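Reading the structure
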Amino acid sequence: MKNEMLYRSYNGDEPYILLKYGKTDHKLAVEIVNGLIGRQFRVSYSGGDTIAVEKANCLAERMLSSELIVFLISAEAQESLAFRNAIHFALSRKKQLYCINLDDKPLSHGLALQLMGVPGAHLSDDQSADSLCQSIVTEAQFTQHLRGEDARALVDKNRAKKKRVVKHESTCRSAEAPSGGRIRRDGDGGLDGKIEKTGSR
């Protein structure tokens, strides 16, 4: 599918790029991630707003062990506290950064001050996300040692399809159960499939 990641997020120990994007920028992120990994760059990617402590810890660890962090910045991403916190964290750890501006909205004054001197590119300067990838990989930050044959590990489409089915079934299980009860899902604080009365106790 055109709007799906073709390759798995890199999770190895060789030098790699950590690419962070906002949850509303998934479509463009897919094109850029596929473009970079298709050119044999190892890319560990993270989208959405990371709020849960365990996920935030995992993201922080991957950021710290990465060689280069690429932020996809958009008007919506700038409004995300989790996204801005990721930028602040990377800057505080003096990580090497590269920013790709997905739209032409100016950075907020505070963010512009923090990212002053950080190299980057504008998507609007290129005809497509793929041509953007073609141009930025020639820049100094995208070094040869970030590339490798191990980068292009294809996504298991059957596994992804199974996850979507399981998610759909989980959603269906949250519907009303017989006798006025509600089937509790994992994450509700109860065992999966347990019927809980929703009426008077």
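Our subject in this report is the structure included herewith.

What counts and what doesn't
- Residues numbered from 1 in each chain as written.
- Predicted model: local features only at pLDDT ≥ 70, side-chain atom pairs only at ≥ 80, totals over all residues.
- Heavy atoms only, no water.
- Core = buried A, V, L, I, M, F, W, Y, C linked by side-chain atoms within 4.5 Å.
- Buried < 20%, exposed > 50% of the residue type's maximum accessible area, 1.4 Å probe, protein only.
- Helix = DSSP H or I, 4+ residues; strand = E, 2+ residues; numbered from the N terminus.
- Contact = heavy atoms within 4.5 Å.
- Phe/Tyr/Trp six-rings, centres within 6.5 Å; stacked < 30°, edge-to-face > 60°.
- Axes fitted to C-alpha atoms, helices over the stretch in contact; angles between N-to-C directions.
- Parallel < 35°, antiparallel > 145°, perpendicular 65-115°, else oblique.
- Left-handed = near helix turned anticlockwise from the far one by under 90°.
- Nonpolar A, V, L, I, M, F, W, Y, C, P; charged D, E, K, R; others polar.
- Expected span 1.5 Å × (residues − 1).
- Lys, Arg positive; Asp, Glu negative; His and termini not counted.
- Salt bridge = Lys/Arg side-chain N within 4 Å of Asp/Glu carboxyl O.

1. Concerning the nonpolar core
Core analysis: the biggest nonpolar cluster contains 30 residues, and L19, I32 and L36 have the highest contact counts within it. At the level of elements, β1 (17-20), α1 (26-38), β2 (43-46), β3 (68-73), β4 (97-101) and α6 (129-136) are the ones that each hand at least two residues to this core. When residues of this core are assigned to their parent elements, the largest contribution, six residues, is made by α1. Not counting residues up to four positions away in its chain, the partners in contact with L36 are L19, F41, V43, C133, I136, V137 and F142.

2. Comments concerning the packing of aromatic side chains
For the structure shown, the criterion picks out four aromatic pairs. Ring centres of Y98 and F142 lie 5.2 Å apart, and the angle between their planes is 80°; this geometry places the pair in the edge-to-face category. Remark: F142 occurs in the loop between α6 and α7 (157-173) and Y98 occurs in strand β4; sequence separation between them is 44 residues. Judged by relative accessible area, Y98 falls into the buried class, the value being 0%. With relative accessibility at 5%, the residue F142 sits in the buried group. Among the aromatic residues, those joined into a cluster by ring pairs are F41, Y98 and F142.

3. Here we look at the packing of α1 against α6
Relative orientation of the contacting elements α1 and α6 amounts to 45°, with a least axis distance of 9 Å. By the angle between their directions, the pair α1 and α6 is classed as oblique. With respect to the hand of their crossing, α1 and α6 are arranged in right-handed fashion. Counting all contacts with α1, which are made through E31, I32, G35 and L36, the residues of α6 involved are A129, D130, L132, C133 and I136. For the contact of α1 with α6, the residue count by class is six nonpolar, one polar and two charged.

4. Focus on α1
Look at α1: 17 Å from first C-alpha to last across 13 residues, which is about the 18 Å you get at 1.5 Å a residue. Among the residues making up α1, those that are buried are A29, V30, I32, V33, N34, G35, L36 and I37. On its buried face, α1 is in contact with β1, β2, β3, β4 and α6. Of the residues one or two after α1, Q40 is the one with positive phi, at around 70°.

5. Digging into the side chain of R62
Here R62 lies in helix α2 (residues 53-65). Despite being buried, R62 has no salt bridge partner; D13 is the closest side chain of opposite charge, sitting 5.6 Å away. Beyond its immediate stretch of four places on either side in the chain, R62 contacts Y10, N11, G12, Y16, L18 and S44.

6. Some words on the packing of α2 against helix α4 (residues 81-92)
At a minimum axis separation of 11 Å, α2 and α4 run at an interaxial angle of 40°. The angle between α2 and α4 places the two elements in the oblique class. Crossing hand, α2 versus α4: right-handed. In this structure, α2 contributes A60, M63 and L64 to the contact, and α4 contributes A86, F89 and A90.

7. Re the side chain of Q141
Among the structural elements, Q141 can be located in the loop between α6 and α7. For Q141, a relative accessible area of 15% puts it in the buried group. Residues in contact with Q141, not counting those within four places in the same chain, are L68, Q96, Y98, P119 and L146.

8. Considering the environment of Q114
Mapping Q114 onto the fold places it in helix α5 (residues 109-114). On the basis of relative accessibility, which here comes to 36%, the residue Q114 falls in the partly exposed class. Counting along the chain gives 23 residues from Q114 to L91, while the straight-line C-alpha distance between them is 8.0 Å. Excluding residues within four positions of it along the chain, Q114 makes contact with H88 and L91.

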